[in-house]
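# Observations on the model geometry
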Amino acid sequence: MSLPHANRSTTVGFIGLGNMGSGMTHNLQAAGFPLVVNDIRREAAGELLTGGAAWADTPAELAARSDVVITMLPTPRHVDAVVHGPNGILAGIADGGTWVDMSTSVPEVAERVRTEYAARGLRILDAPVSGMSVGAANGMLQIFIGGDAIDVERLRTVFEAMGDPQRILHVGAAGTGYAVKLMINQLWFSHLVATAEVLSVGVKAGVDLAVLRNALVASPANSNFVENDVLSILEHSDYDEGFAIALACKDLGLSIDLGRSVGVSTELSALVEQIYRRAKARYGDRAGEMTPVKLYEELIGSDLRLEGASA
């Protein structure tokens, strides 16, 4: 079946207007795409509706009124809930229709739809993102797409409205987008824990924090986290409340489950998950994803801050 390429007349249905989805939909609207939106909180759509977007009361209604349906939801359970049932996406989407799941999820959710509804000819892509809420707001997300290459190219203008064109990557067959995103998150969380540990030990041993970080940046142990991301805390006391630690723990659990499903042991990842869950228990579900650093700061009795850092 040959489907038309997306253009500015393509109606995009978007479900999930949280920290990430809010920025993504505003950029789609700014790029000129007609929008139909749905969320558990209608008030989350206020600015979009003022700007001309249409509201759908159910995922089924949204799917029936859209050329392509995008979901951006917190967990696989939420994705599954909006897809199935009498008011779900599958109840409204046309045969041969397109669904793009941009949530950080697992292959099983979309694969279930492919298997059980193969006769309907649905075009399904998994396209999770990196870049945090800042990247979503400024339209510079990195997008990892799993699925048919023809569908990726057909929807490229939609993806480019939300992400950095140079970092929209087709990573392979269905499910590989989910896998790549989970592995990126897992490595990032591991970098955070390792960096917090190293900086804390060094500072406690009497090394100036700036000197220690500069030495790490100049060494073979350097990473993007050490060079850039950790500055959010060291300079601005920002533990990134834009992405809740409860969601980080969810992602860690999903990555470990993925390792188990493919027969690869994940001892280090399991330890990182334990540290994250300890931080969540101490600081609350809504604490920022970088909050585990606080565990180490408490351990050494001082905050890890560069001279002149903002409070």
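Now for a description of the structure that goes with this document. (Residues numbered from 1 in each chain as written. Predicted model: local features only at pLDDT ≥ 70, side-chain atom pairs only at ≥ 80, totals over all residues. Heavy atoms only, no water.)

### Side note on the environment of Ser255
Within the element layout of this structure, Ser255 appears in helix α14 (residues 245–261). Ignoring sequence-local partners within four residues, the contact set of Ser255 consists of Leu182, Met183 and Gln186. (Helix = DSSP H or I, 4+ residues; strand = E, 2+ residues; numbered from the N terminus. Contact = heavy atoms within 4.5 Å.)

### As for the pattern of salt bridges
Between side chains of opposite charge, a pair can form as their charged atoms come close. Going through the model one piece at a time under the given rule, you end up with 17 salt bridges. Close ionic contact of Asp39 with Arg41 constitutes a salt bridge, the shortest N to O distance being 4.0 Å. Taking relative accessible area as the criterion, Arg41 reaches 37% and is therefore assigned partly exposed. Residues Asp285 and Lys280 are paired through a salt bridge, measuring 3.5 Å at the closest nitrogen-oxygen approach. By relative accessible area, Asp285 is classed as partly exposed at 44%. You can call Lys280 partly exposed: its relative accessible area is 21%. Bridged by salt links that share partners, the residues Arg123, Asp148, Asp151 and Arg154 form one connected network. (Salt bridge = Lys/Arg side-chain N within 4 Å of Asp/Glu carboxyl O. Buried < 20%, exposed > 50% of the residue type's maximum accessible area, 1.4 Å probe, protein only.)

### Regarding the packing of helix α15 (residues 267–283) against helix α16 (residues 292–300)
The angle between the axes and the distance between the axes are what describe a pair of packed helices. Viewed as axis vectors pointing N to C, α15 and α16 meet at an angle of 80 degrees, and their least axial separation amounts to 8 Å. The angle between α15 and α16 falls in the class roughly perpendicular. Across the interface between the two elements, Ile275, Tyr276, Arg278, Ala279, Arg282 and Tyr283 from α15 touch Pro292, Lys294, Leu295, Tyr296 and Glu298 from α16. (Axes fitted to C-alpha atoms, helices over the stretch in contact; angles between N-to-C directions. Parallel < 35°, antiparallel > 145°, perpendicular 65-115°, else oblique.)

### Describing the side chain of Lys181
Positionally, Lys181 belongs in helix α10 (residues 176–204). Buried and unpaired, Lys181 has Asp251 as its nearest opposite-charge partner, separated by 5.1 Å. (Lys, Arg positive; Asp, Glu negative; His and termini not counted.)

### Let's talk about the pairing of strand β8 (residues 141–146)
Most of β8 is tucked away: six of the six residues are buried. Of the two faces of β8, the one holding Leu141, Ile143 and Ile145 and the one holding Gln142, Phe144 and Gly146 are both buried throughout. When strand β7 (residues 129–130) meets β8, the two strands line up antiparallel, connected through two bridges. Opposite Ser130, over in β8, you have Gln142 as the bridge partner. (Pairing = 2+ DSSP bridges.)

### Section: the nonpolar core
By size, the foremost hydrophobic cluster in this structure holds 34 residues, and its most contacted members are Met24, Met102 and Phe159. Put simply, the parts of the chain that give this core at least two residues each are β1 (12–15), α1 (19–30), β2 (35–38), β4 (68–71), β8 and α9 (156–162). It is α9 that provides the largest number of residues to this core, a total of four residues. Counting residues in each nonpolar core, the second largest holds 32 residues, with Phe189, Tyr239, Ile275 and Leu306 among its members. (Core = buried A, V, L, I, M, F, W, Y, C linked by side-chain atoms within 4.5 Å.)

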